[in-house]
Amino acid sequence: MRVEFEGTLAVAAPVKTVWERLLDAKFVASCAPGVERVEAIDDTHYKVIAKLGVGSIQLKFAINLELADLVPPSSARMLVRGAAPGSALSAESGVNLAPDGVSATTLRWTVGADIRGTIASTGARLLQGTARKLTEKFWTTFAERVGRKKPRR
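Remember, predicted model here, so these are calculated numbers, not experimental data.

Quick look at the pairing of strand 6 (residues 87–99)
Part 1 of the argument: Here strand 5 (residues 75–84) pairs with strand 6 via ten bridges, running antiparallel. Its bridge partner being in strand 6, Ser75 is matched across the sheet by Asn96.
Part 2 of the argument: The hairpin turn running from strand 5 into strand 6, its antiparallel successor, is two residues long, and Gly86 in that turn takes a positive phi close to 80°.
Part 3 of the argument: The pairing of strand 6 with strand 7 (residues 105–117) spans 13 bridges and is antiparallel. Within the sheet, the bridge partner assigned to Val95 lies in strand 7 and is Trp109.
Part 4 of the argument: The antiparallel pairing of strand 6 with strand 7 creates a hairpin that spans five residues between the two strands, and Gly101 there sits at a positive phi of about 80°.

Digging into the environment of Ser103
Part 1 of the argument: Examined against the element boundaries, Ser103 turns out to sit in the loop between strand 6 and strand 7.
Part 2 of the argument: Residue contacts for Ser103: discarding those within four places in its chain leaves Val11, Ala12, Ala13 and Pro14.

Side note on the side chain of Thr105
Part 1 of the argument: For Thr105, the location among the structural elements is in strand 7.
Part 2 of the argument: Of note is the side chain of Thr105, whose polar atom sits 3.0 Å from the backbone nitrogen of Val15.

Describing the pattern of salt bridges
Opposite charge on two side chains permits pairing when their charged atoms draw close.
Part 1 of the argument: Throughout the structure, instances matching the rule amount to eight salt bridges.
Part 2 of the argument: The partner of Arg2 in a salt bridge is Asp114, with the nearest N and O atoms 3.0 Å apart. Of this pair, Arg2 sits in strand 1 (residues 2–11) while Asp114 is found in strand 7, placing the two residues 112 residues apart along the sequence.
Part 3 of the argument: Looking at Arg2, the relative accessible area reads 43%, which means it is partly exposed.

Each value, and the rule that gives it
- Residues numbered from 1 in each chain as written.
- Predicted model: local features only at pLDDT ≥ 70, side-chain atom pairs only at ≥ 80, totals over all residues.
- Heavy atoms only, no water.
- Pairing = 2+ DSSP bridges.
- Helix = DSSP H or I, 4+ residues; strand = E, 2+ residues; numbered from the N terminus.
- Contact = heavy atoms within 4.5 Å.
- Polar contact = N/O pair within 3.5 Å; in protein donor to acceptor, adjacent residues only side chain to side chain.
- Salt bridge = Lys/Arg side-chain N within 4 Å of Asp/Glu carboxyl O.
- Buried < 20%, exposed > 50% of the residue type's maximum accessible area, 1.4 Å probe, protein only.

Below, the structure is given as structure tokens:
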């Protein structure tokens, strides 16, 4: 099953800050629903364990993630390959950052994913909506957390 979506968000932080957060694997993982663990292999390759599912079907995926085509501080792609018992996924996500004044950023994202196996066949009706909801939740959480002001001490 193929799913594709895109979106645009305003982030209340300068492009440099947004870019730095995009490259912070622990921060990104903390914004992503279902991520249990992230292990850096090197600066652009990561192993991720994430629980993903639709309705009552929840699977633990072992995911290989690669950051590609990094053009600091304006664009990047993320390539994902993962497997769980009886299911597999491959995805590509792109992000483009553009300044919106001095202290804000316009973030445009795209996602295309192929999902195969038990999770796709059993939850096919719900999968498209759930995948969109989780993706939008990730980017919204990311934008909100990047834009938070740190308390003064």
